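Here are the chains, one letter per residue:
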Amino acid sequence: MKGSNYGKSRKTGDYYGKVFLSNNCGYYQITLANSTDRMRAVFLQTNTIVTVDARQVDTGSVVDPYYPSMRGVGYHGEAESTIDENGKQLKEYIYWYCMLDRCYGNKELEAYKDCIVSEEFHDFKKKKKWFHNQVGRYGKDFHLDKDILSVDCKIYAEDTCVLVPSEVNMFFAKTGARTHTNSKGVEYPIGVSWSKGMKKFASNYNNGGEKILSYHDNEWSAFLAYKQAKENRAKELAEKWRGQIDNRVYEKLINYKVLLTD
């Protein structure tokens, strides 16, 4: 029932024990109605209890703060506004929304096909609290990452996520094919390819936009050159962002090693 009594004389008997449909949060039942100005409603899907008046019921404007309105899983809970003093979306809200959208929105994103968000992070209020305890919360062009602390992690959670600068995020990102294969189907180590022009093995690493290219007589020498270049880059990033990133990320960078299995 929705809007049936709006504009009419209202009595508690018109509401008590009955089930109504809100505009955006599903069905609820009025379980206590001592007066039409103050009634208790219980949402059937979430068991959320809210206090309402007759006008809210009649107009369908009763709101369930725990209704999963965001991609079918996320809810605002008892969080404050998602808008800052300048009328812009809060940074923490944008992180939260994008996280849910990657996992439950765009199903065409192969990288997030099997990813989920922890129940704690379904609640924007809890995600907001987590955000304000993070190193890097005030950094510009920082990204929310779940793979650095635990490789190939499939869950966004309090203990798996960190905020990192874009270049650190890109350093750890896996971007498609990581090895080359020769005409006989033999796969070279990561960072190694065969140069027909030079008739040597090429080691090629993109060091933050600067290509480090060298040629070698054998593939293992080329791999070691690539390995050294990338590990040097990791240490550069560690020192550049020291004190501005989570210590766990710093340790990952400073101790980073390239393996043949990468």
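Before reading on, note that the structure itself is shown above.
The present account deals with the structure reproduced in this document.

**Details of the overall build of the protein**
At step 1: When you go through the protein residue by residue, the secondary structure sums to seven helices and 11 strands.
At step 2: A compact globule built from 262 residues would reach a C-alpha radius of gyration of about 18 Å, whereas the protein, at 27 Å, exceeds it by more than 25%.
At step 3: Its C-alpha atoms give the protein principal-axis dimensions of roughly 90 × 40 × 30 Å.
At step 4: Counting every position in the protein, which comprises 262 residues, the buried fraction comes to 40%.
At step 5: For the protein, contacts bridging at least 24 residues in sequence account for 45% of all contacts bridging at least 6.
At step 6: Averaged over its 39 positive side-chain charges, the protein has a centre that lies 2 Å from the centre of its 34 negative ones.

**Let's talk about the pattern of salt bridges**
At step 1: Inspection of every chain in the model, using the stated rule, returns 11 salt bridges.
At step 2: When the shortest N-O distance is used, the salt bridge between Arg71 and Asp101 registers 2.5 Å. Placement of the pair is Arg71 in the loop between helix H1 (54–59) and helix H2 (91–104) and Asp101 in helix H2, with a sequence separation of 30 residues.
At step 3: Sharing partners across several salt bridges, the network here consists of Glu167, Arg233, Glu236 and Lys240.

**Observations regarding the layout of surface pockets**
At step 1: Quantified by volume, the largest pocket comes out at close to 970 Å³.
At step 2: Lining the largest pocket are 33 residues; nearest its centre among them are Asp145, Asp147, Phe172, Ala173 and Lys174.
At step 3: Within the residue set of the lining of the largest pocket, elements represented by two or more residues are H2, strand E6 (142–145) and helix H5 (166–172).
At step 4: The element that contributes the greatest number of residues to the lining of the largest pocket is H2, accounting for four residues.
At step 5: Looking at side-chain class alone, the lining of the largest pocket contains 16 nonpolar, two polar and 15 charged residues.

Here is what the cut-offs are and how they apply
- Residues numbered from 1 in each chain as written.
- Predicted model: local features only at pLDDT ≥ 70, side-chain atom pairs only at ≥ 80, totals over all residues.
- Heavy atoms only, no water.
- Helix = DSSP H or I, 4+ residues; strand = E, 2+ residues; numbered from the N terminus.
- Rg over C-alpha atoms; globule rule 2.2 N^0.38 Å.
- Buried < 20%, exposed > 50% of the residue type's maximum accessible area, 1.4 Å probe, protein only.
- Contact = heavy atoms within 4.5 Å.
- Lys, Arg positive; Asp, Glu negative; His and termini not counted.
- Charge placed at Lys NZ, Arg CZ, Asp CG, Glu CD.
- Salt bridge = Lys/Arg side-chain N within 4 Å of Asp/Glu carboxyl O.
- 1 Å grid on protein atoms, 1.4 Å probe; cavity = no way out; pocket = protein on both sides within 12 Å on 5 of 7 lines; lining within 4 Å.
- Points joined across faces, edges and corners; volume = space filled by probe spheres on them.
- Nonpolar A, V, L, I, M, F, W, Y, C, P; charged D, E, K, R; others polar.

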